[in-house]
Amino acid sequence: MQSANVLLKKIVRSSVLPFAAQHGMKKDLFPLSRALSLSPCLKQDNSRSPSEKLDLDAWKKVMKSGLQEEVSETVSERKELSDLAAAREILEMWRLAGRSVPENISEEQLKTFMDCPSKSAKKKYLKYLHLKELYKKNDKRKMDEKRERRLETASKTDETRSKSFVCLWASCMDKAYSWRVAQSMIFGQPLVFDMSYEKDMSVREVANTVRQIVLSEGSNRRSLDPFHIHFCNLKDDSLYHKEFIKHYKEAWGKLLITVTDQCYTDVFPKDKLIYLTADSPKVMKTFDHDKIYIVGSMVDKSIKTGISLARAKRLGLETAALPLEKYLLWNAGAKNLTLDQMMHILLTLKDTGDWKAALEFVPKRKHYGFVSKPVHELKKTLNLINTLKLGKRQEEVRKQFAKNYSRKLTQK
């Protein structure tokens, strides 16, 4: 093949180039030489078998199908965009008409709105988005107000106080609190939280219980004379344990409390234990510093009465209830208090022994105030308030009016 190319070049140089130089055809020399040099290759390509040739018809079909797919995709995208634009125009019209429509709606939410099967479902979905947007705005407004109040209080404080002094003071107070709690673990009065009510609550109620216990632990740590807190019947990998780890994270192992999976009857003598429950028939008169009080770690939304009392009786323990009716004009409702409220009440009783100061932590919505008159007069006032509140007085007036009206009709 190489010898043939060399021979072809010599022929071109000896015959074509002199002829082109005489007739001024240098410009057309390159195409001619290229054609002459490529002619053997073209002959060799034509000598291939028909099976090795490119199938042009199949290639055209593939190209046409690809073009059709691209065209269909572009058409579908344009149609989807037009549908979304039409849906946005409908929502804008509904907003101007005064319907519950969110101001800002994403493309995914708009597609979900278009996929709703009926008009009522679309209205409900838009109402849901509208309420969600209102809640977000309300939360943002509250955060802005809180930030403004914080800035105002910060501006009113002494400007000469530096941040380093504040941090130093906070760290020193934290060390002082920890030192008090460490002393209470040796010399303090124990307070037991009973963690055996996991089966009686839902997952949400267990989470609320742990949240209240975390608040109770913080209040105890900041008090002048803290309790030595014991978490009894706390099993590993229980719901209580998982929620505690969620709240405390790495600090869970550093808490100055006692955690055990044993029952309190195995840790303390029974004659010193008193189970605090609202269902107890015995009313607590004074705070005893030599006793060990037990608080049931339970948030009962369905008000299952008697669970803690039954557990205390089954274990043969003494029970007690707070004297709420003795000091407070109690309203209708259960006398169950949250765990952090119980902690505040017990800490105040331990420090002062004053029931009125301790019962200040009872929510105002549950009572009408402290007892300042004889009990029978207060009960009359309470019955009158409940009568007016429940509307029984109005019902009695209506019945009396009906009787008088019927008498007048019979007299005529």
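Within an unreviewed UniProt entry, the label attached to the protein chain reads tRNA methyltransferase 10 homolog C, and the organism entered is Oceanites oceanicus. Recorded under Subcellular location (unreviewed entry), the UniProt text for the protein chain is reproduced unchanged: "Mitochondrion".

Caption draft 1: Focus on the overall build of the protein chain. Scanning the protein chain from terminus to terminus reveals 15 helices and eight strands. Across the 412 residues in the protein chain, those meeting the buried criterion constitute 29%. Residue pairs at least 24 apart in sequence account for 74% of intrachain contacts in the protein chain once pairs closer than 6 positions are excluded.

Caption draft 2: Layout of the packing of helix 7 (residues 203–221) against helix 12 (residues 339–351). The geometry of helix 7 relative to helix 12 is characterised by a closest axis approach of 7 Å and an angle of 25° between their N-to-C directions. Taken together, the axes of helix 7 and helix 12 lie roughly parallel to each other. When you trace helix 7 past helix 12, the crossing you get is right-handed. For the pair helix 7 and helix 12, the contacting residues are Thr209, Gln212, Ile213, Leu215, Ser216, Ser219 and Asn220 in the first and Leu339, Asp340, Met343, His344 and Leu347 in the second. Of the residues that constitute the contact of helix 7 with helix 12, the class distribution is five nonpolar, six polar and one charged.

Caption draft 3: Representation of the pairing of strand 4 (residues 273–276) in the model. Residues Leu273 and Tyr275 point to one face of strand 4 and Ile274 and Leu276 to the other, with burial holding for every one of them. Where strand 4 and strand 5 (residues 292–296) come together, four bridges link them in parallel fashion. Counted as the bridge partner of isoleucine 274 is tyrosine 293 from strand 5. Here strand 4 runs beside strand 6 (residues 318–320); their pairing, made up of three bridges, is parallel. Paired with tyrosine 275 across the strands is threonine 319, a residue of strand 6.

Caption draft 4: View of the nonpolar core. Counting 53 residues, the largest nonpolar core has Phe193, Phe231, Tyr240, Phe244, Tyr264, Leu276 and Met284 as the members making the most contacts within it. When residues of this core are assigned to their parent elements, the largest contribution, seven residues, is made by helix 12. Counting residues in each nonpolar core, the second largest holds 12 residues, with Leu91, Val101, Leu110 and Cys116 among its members.

Caption draft 5: Looking closely at the side chain of glutamine 341. Within the secondary structure, glutamine 341 is located in helix 12. If we ignore the near neighbours within four places in the chain, the residues touching glutamine 341 are Phe361 and Pro363.

Caption draft 6: Region of the structure containing the environment of serine 118. Here serine 118 is to be found in the loop between helix 4 (107–114) and helix 5 (119–156). Overall, the relative accessible area of 32% leaves serine 118 in the partly exposed class. Engagement of the side chain of serine 118 in a polar contact is seen with the backbone nitrogen of alanine 121, the distance being 3.3 Å.

Caption draft 7: How the structure looks around unusual backbone geometry. Look at asparagine 233: it is not a glycine, yet its phi comes out positive at around 60°. For asparagine 233, the location among the structural elements is in the loop between strand 2 (228–232) and helix 8 (239–248). With relative accessibility at 12%, the residue asparagine 233 sits in the buried group. At lysine 249, a residue that is not glycine, the phi angle is positive and equals roughly 60°. Tracing the sequence through the fold places lysine 249 in the loop between helix 8 and strand 3 (258–259).

Caption draft 8: Structural detail: the environment of lysine 111. By the element assignment, lysine 111 lies in helix 4. Since its relative accessible area comes to 34%, lysine 111 is described here as partly exposed. When the C-alpha atoms of lysine 111 and aspartate 83 are compared, they prove to be 9.4 Å apart, with 28 residues separating the residues in sequence.

Caption draft 9: Examining the sheet that holds strand 2 more closely. Taken in spatial order, the six strands of this open sheet run 3-2-1-5-4-6, and their pairing is parallel. Both edges of this open sheet fall to strand 3 and strand 6, since each of them pairs with a single strand only.

Caption draft 10: Local environment of the packing of aromatic side chains. Going through the model one piece at a time under the given rule, you end up with 11 aromatic pairs. Residues tryptophan 94 and phenylalanine 113 carry aromatic rings whose centres are separated by 6.1 Å and whose planes lie at 90° to one another, so their mutual orientation is edge-to-face. Of the two residues, tryptophan 94 sits in helix 3 (residues 56–96) while phenylalanine 113 sits in helix 4, which places them 19 residues apart along the sequence. Three or more aromatic residues link up through ring pairs in this structure, and these residues are Phe193, Phe231, Phe244, Tyr248 and Trp252. In this structure, lysine 122 is placed above the aromatic ring of phenylalanine 113, and the distance from its NZ or CZ to the ring centre is 5.4 Å. Directly above the aromatic system of phenylalanine 227 lies the positively charged group of lysine 350, at a separation of 4.3 Å from the ring centroid.

Caption draft 11: Inspection of the pairing of strand 5 at higher detail. Most of strand 5 sits inside the fold, with five of its five residues counted as buried. Of the two faces of strand 5, the one lined by Ile292, Ile294 and Gly296 and the one lined by Tyr293 and Val295 are each fully buried.

How each quantity is defined
Residues numbered from 1 in each chain as written. Predicted model: local features only at pLDDT ≥ 70, side-chain atom pairs only at ≥ 80, totals over all residues. Heavy atoms only, no water. UniProt positions renumbered as here; feature names shortened; annotations may be inferred. Helix = DSSP H or I, 4+ residues; strand = E, 2+ residues; numbered from the N terminus. Buried < 20%, exposed > 50% of the residue type's maximum accessible area, 1.4 Å probe, protein only. Contact = heavy atoms within 4.5 Å. Axes fitted to C-alpha atoms, helices over the stretch in contact; angles between N-to-C directions. Parallel < 35°, antiparallel > 145°, perpendicular 65-115°, else oblique. Left-handed = near helix turned anticlockwise from the far one by under 90°. Nonpolar A, V, L, I, M, F, W, Y, C, P; charged D, E, K, R; others polar. Pairing = 2+ DSSP bridges. Core = buried A, V, L, I, M, F, W, Y, C linked by side-chain atoms within 4.5 Å. Polar contact = N/O pair within 3.5 Å; in protein donor to acceptor, adjacent residues only side chain to side chain. Phe/Tyr/Trp six-rings, centres within 6.5 Å; stacked < 30°, edge-to-face > 60°. Lys NZ or Arg CZ within 6 Å of the ring centre and 35° of its normal.

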